[in-house]
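Fold and contact review
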Amino acid sequence: MTPADKSALRARALAARAAGGDQDALTRHLTAALAPHRGAVLSGYWPMRGEADPRPAMAAHDGPVCLPVVPGRAMPLIFRQWDGGPLVDGPFGTAHPADSQPVLRPDVLIVPLAGFDRGGNRIGYGGGYYDRTLQLLRESGRATAIGLAFAVQELPDIPAEPFDQPLDLIVTDRRIIQPLR
């Protein structure tokens, strides 16, 4: 897949995302998907640019919650504990807990995305941060990646590249999808 092909798929999915979806249904489905992970360290994200919002389900999670921090270009993410307190601005329009918060290793990650397919493939924003991070976490133990998106962001097929890390589950406002592999 060429970078232009990937950009075209990303643009298509992001244009569909602009239509939005049912946030209440998304929250119900994400809360149900997280229920088996009670007590696990959960990484969520602070939504931006119309992303599906994981915050209500994160607030309901029975266990530690953290948010990702972008430490620099082409580096894996780190995760700082978040207890609902104020956030500081990060690169690329992100927001994260202050450096004073402890760094955690997440067991379960809610992964933002531009588009997804039924095979558990995702297209992000092109920086590779989650792919690098998931690879590192999976090499050192178990890490469950749950993609979160509105159903309209589904694409028929996203060709996976060798460095792409698959999603273990995809949660949308219409359903919870177990990827076909």
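Here the residue index of a chain counts from 1 through its sequence in written order. In view of the model being predicted, local features appear only for residues whose pLDDT reaches at least 70, and side-chain atom pairs are presented and counted only at 80 or more, with totals across whole chains, interfaces and linings using the full set of residues. Side-chain numbers here rest on the full set of heavy atoms in the structure, without hydrogens or water.

Only Phe, Tyr and Trp rings are paired, with Trp represented by its six-membered ring, and only when their centres lie within 6.5 Å; those with planes under 30 degrees apart are stacked, over 60 edge-to-face, the remainder tilted. Applying the stated criterion to the full structure yields two aromatic pairs. Judged by centre distance (5.6 Å) and plane angle (85 degrees), the ring pair of Trp46 and Trp82 falls under edge-to-face. Taken together, the residues span a long stretch of sequence, with Trp46 in the loop between strand E1 (42-43) and helix H3 (55-60) and Trp82 in the loop between strand E3 (78-81) and strand E4 (88-89) at a distance of 36 residues. Only protein chains enter the accessibility calculation, which uses a 1.4 Å probe; a residue is then buried when its area is under 20% of its type maximum, exposed when over 50%, and partly exposed in between. A relative accessible area of 31% places Trp46 in the partly exposed class. The class for Trp82 is buried, based on a relative accessible area of 16%. A cation over a ring is seen here: Arg55 above Trp46, with NZ or CZ 4.4 Å from the ring centre. Geometry around Tyr129 places Arg132 over its ring, the cationic atom sitting 5.6 Å from the centre. Strands are runs of DSSP state E lasting at least two residues, helices are runs of H or I lasting at least four, and both sets are numbered from the N terminus onward. Sitting over a ring, as applied to charges here, requires NZ of Lys or CZ of Arg to be within 6 Å of the ring centre and within 35 degrees of the ring normal.

Next up on the list: the nonpolar core. In this structure, Leu30, Leu34, Met58, Leu109, Ile110, Ile146 and Leu148 are the most contacted members of the largest nonpolar core, which totals 39 residues. Counting only elements with at least two residues in this core, the list comes to helix H2 (23-34), H3, strand E2 (65-69), strand E6 (108-111), helix H4 (129-139), strand E9 (144-148) and strand E10 (169-171). Any pair of residues with heavy atoms lying within 4.5 Å of one another is described as a contacting pair. Discounting residues that sit within four places of it in the chain, Leu30 has contacts with Pro54, Ala57, Ile110, Ile146, Leu148 and Val171. If you look at the next biggest cluster of nonpolar residues, it comprises six residues, including Leu9, Ala114, Ile123 and Ile158. Residues belong to a common nonpolar core when they are buried Ala, Val, Leu, Ile, Met, Phe, Trp, Tyr or Cys residues joined through side-chain atoms within 4.5 Å.

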